[in-house]
Amino acid sequence: MKSVLLFIFAFGLTTMAQAACKCGENCKCGGEEKCACGKTVNTEEPAEAGHPLRGVVTRKLEDRKLVLVKHEEIPGFMRAMTMAFSVPEKDWPLLEPGVHLTATLHGGRGDWRLSGITLTDENYQPRSEDKKKVTTP
Ligand SMILES: [Cu+2]
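Residues numbered from 1 in each chain as written. Predicted model: local features only at pLDDT ≥ 70, side-chain atom pairs only at ≥ 80, totals over all residues.

### Some details on the overall build of the protein chain
Okay, step 1: A count of helices and strands for the protein chain gives one helix and five strands.
Okay, step 2: Within the protein chain, buried positions represent 13% of all 137 residues.
Okay, step 3: For the protein chain, contacts bridging at least 24 residues in sequence account for 39% of all contacts bridging at least 6. (Helix = DSSP H or I, 4+ residues; strand = E, 2+ residues; numbered from the N terminus. Buried ≥ 20, exposed ≤ 12 C-beta atoms within 10 Å, placed from the backbone. Contact = placed C-beta atoms within 7 Å.)

In structure tokens:
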């Protein structure tokens, strides 16, 4: 009798663990005893909308493939500051110190990313001419 109760208890815990899984459409736990979600499952661009950002490149960290951007205040989200971002591979060669840009900010502590990068002039207006031309600050 006691073992039966234990069995029911264990079964209940397993069911609860599955019900607690909140990974959404990328969840691959279907039917498995353990939830297999976790961040590694989803390597695609996050669904969150991100925050519009404008700023100027101050440095490139070649070894870590990060770009330091001094960005303006993002109202309601972040004060003006300089921080390190990972950027899409295609944008990397264009982002030299002194380059102004607008972009969308994604991520969180220790893993900040920029997408939709547009190089701009000093007034954050899109550049029409040669995008590789670097303006000196
Ligand atoms: Cu910031």
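### Comments concerning the sheet that holds strand β1 (residues 51–61)
In a beta sheet, neighbouring strands pair by backbone hydrogen bonds and run either parallel or antiparallel.
Okay, step 1: An order of β3-β2-β1-β4-β5 is seen for the five strands of this open sheet, with the pairing classed as antiparallel. Looking at the sheet topology across the chains shown, the edges are occupied by β3 (81–85) and β5 (111–120). Strand-to-strand, the axes of this sheet are offset by a mean angle of 45°, without reference to chain direction.
Okay, step 2: One ladder, built from six bridges, connects β1 with strand β2 (residues 66–71); its direction is antiparallel. When the bridges of β2 are listed, Lys 60 appears paired with Val 67. (Pairing = 2+ DSSP bridges. Axes fitted to C-alpha atoms, helices over the stretch in contact; angles between N-to-C directions.)

### Here's the deal with the nonpolar core
Okay, step 1: Membership of the largest hydrophobic core comes to 14 residues, with the highest contact counts inside it found for Ala 103 and Leu 114.
Okay, step 2: Those elements that place two or more of their residues in this core are β1, β2, β4 (100–108) and β5.
Okay, step 3: Filtering out sequence-adjacent residues up to four positions away, Ala 103 remains in contact with Leu 53, Leu 114, Ser 115, Gly 116 and Ile 117. (Core = buried A, V, L, I, M, F, W, Y, C linked by C-beta atoms within 7 Å.)

### Describing unusual backbone geometry
When glycine is set aside, most residues are seen to have a negative phi, and most peptide bonds are trans.
Okay, step 1: Not every positive phi belongs to a glycine, and Lys 65 is a case in point at roughly 55°.
Okay, step 2: Here Lys 65 shows up in the loop between β1 and β2.
Okay, step 3: The exposed category is assigned to Lys 65, around which 12 C-beta atoms lie within 10 Å.
Okay, step 4: Here Tyr 124, not a glycine, exhibits a phi torsion of approximately 60°, which is positive.
Okay, step 5: Since 14 C-beta atoms lie within 10 Å of it, Tyr 124 is described here as partly exposed.

### Examining the environment of Pro 52
Okay, step 1: Of note, Pro 52 is situated in strand β1.
Okay, step 2: Sequence spacing of Pro 52 and Ile 74 is 22 residues, and the spatial spacing of their C-alpha atoms is 7.4 Å.
Okay, step 3: In this structure Pro 52 touches Thr 102 and Thr 104, once residues within four positions along its chain are discounted.

### What to know about the pairing of β1
For a regular strand, the rule is simple: side chains alternate between the two faces of the sheet.
Okay, step 1: Judged from the six bridges that link them, β1 and β4 form a sheet pairing that is antiparallel. Counted as the bridge partner of Pro 52 is Thr 104 from β4.
Okay, step 2: Where β1 folds back on β2, the antiparallel hairpin that results is connected by four residues, among which Lys 65 adopts a positive phi of roughly 55°.

### Quick look at the environment of Leu 114
Okay, step 1: In this fold, Leu 114 is placed in strand β5.
Okay, step 2: Each C-alpha atom of the pair Leu 114 and His 51 lies 9.5 Å from the other, and the pair is 63 residues apart in sequence.
Okay, step 3: With residues up to four places along the chain from it excluded, the contact list for Leu 114 reads Leu 53, Phe 85, Val 87, Ala 103, Thr 104 and Leu 105.

### Section: the environment of Glu 62
Okay, step 1: Looking at the secondary structure, you find Glu 62 in the loop between β1 and β2.
Okay, step 2: A sequence separation of 30 residues divides Glu 62 from Trp 92, and the C-alpha atoms of the two residues are 9.8 Å apart.

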